[in-house]
Amino acid sequence: QARSGVPITFTDTRGTLNRGAFSGRQTANSTLSVDQIRDLVGVFEANGRIYFINPSVINTTGRASEGFIGTSSPNTAFNGQVFFNVPPGQTGSLPRALIDGPGYWNVNMALLKDIRFTETLKVQLRAEAFNVFNNVNLQNNTQFANINATTFGQITSAAAARELQFAFRFEF
């Protein structure tokens, strides 16, 4: 079983254009092109945490945004910042579902042996393995990556590790 990751949208949830209804899904601004942002995506480790985006674009606060593009706001950008808050009265420049989160790859397997004693009596021995190759399947924690969240870009969980299961079944 293999599938691509869940689409991720970079959002600025502060709400500037229509606060009440749509602010939670407003996309952010960026100085990079879509392809340049996609080049930042992967699996990275920094400070004991796993990220789906290069941690160089994240501030020491854990946020991806600390300011606006081209303003003299006291809330200025940090070195390496590529995502920006949307100025009041405007909408974000990034498209929705810009990148895919971590993919999923899994192989399950089972071995069965039927031992027949009579026409109606049978024993079945089973050995089943889930995630046979023990692949780490990382799970992103959101489809809407808030650039102002202190956990921006972090992967906080993974699917189950390898599991083995043995069974003995008597049929009569």
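The rules we used
Residue positions are given per chain, counted from 1 along the sequence in the order it is written. Whole-chain, interface and lining totals are the exception, using all residues; otherwise, since this is a predicted model, local features are given only for residues with pLDDT of at least 70 and side-chain atom pairs are given and counted only at 80 or more. Hydrogens and water are ignored here; the side-chain numbers use all heavy atoms of the structure. The numbering of helices and of strands both runs from the N terminus, where a helix is a DSSP run of H or I of at least 4 residues and a strand a run of E of at least 2. Contacts are assigned to residue pairs with any non-hydrogen atoms lying within 4.5 Å of each other. With a 1.4 Å probe rolled over the protein chains alone, any residue whose accessible area is under 20% of its type maximum counts as buried; one over 50% counts as exposed, and the rest are partly exposed. Nitrogen and oxygen atoms within 3.5 Å of one another constitute a polar contact, given that in protein one can donate a hydrogen and the other can accept it, and given that sequence-neighbouring residues count only through two side-chain atoms. At least two DSSP bridges between two strands are required for those strands to pair. Take the buried Ala, Val, Leu, Ile, Met, Phe, Trp, Tyr and Cys residues and link them wherever side-chain atoms come within 4.5 Å; each set so joined is a nonpolar core.

Turning our attention to the environment of N148. Among the secondary structure elements, N148 is positioned in the loop between β12 (144-146) and β13 (154-158). The residues contacting N148, other than those within four sequence positions of it, are D12, R14, R63, S65 and N85.

Another point: the environment of N135. Note on placement: N135 falls in the loop between β10 (122-130) and β11 (138-140). For N135, a relative accessible area of 25% translates into the label partly exposed. Looking at N135, its side chain comes within polar contact range of the side chain of N137, at 3.0 Å.

Let us look at the environment of F144. Tracing the chain through its elements places F144 in strand β12. C-alpha separation for the pair F144 and P7, spaced 137 residues apart in sequence, amounts to 8.7 Å. In contact with F144, other than residues within four places in its own chain, are T9, T11 and R25.

Relative to β10, strand β9 (residues 109-116) runs antiparallel, the two being bridged by 8 bridges. Looking at β10, one finds that K113 is bridged to L125. Taking the residues that link successive antiparallel strands as the turn, the β9-β10 hairpin has 5 residues. Where β10 and strand β14 (residues 163-171) come together, 9 bridges link them in antiparallel fashion. Paired with L125 across the strands is F168, a residue of β14.

A few words on the nonpolar core. One broad trend across soluble globular proteins is that nonpolar side chains are buried collectively. Ranked by internal contacts, the top residues of the largest apolar core, which has 22 residues, are F10, F52, I53, F83 and F152. Take this core: its biggest share by element is 3 residues, from strand β5 (residues 49-53). Setting aside residues up to four positions removed in sequence, F83 forms contacts with F10, N29, S30, I37, I53, V57, A64, S65, L94, I147 and F152.

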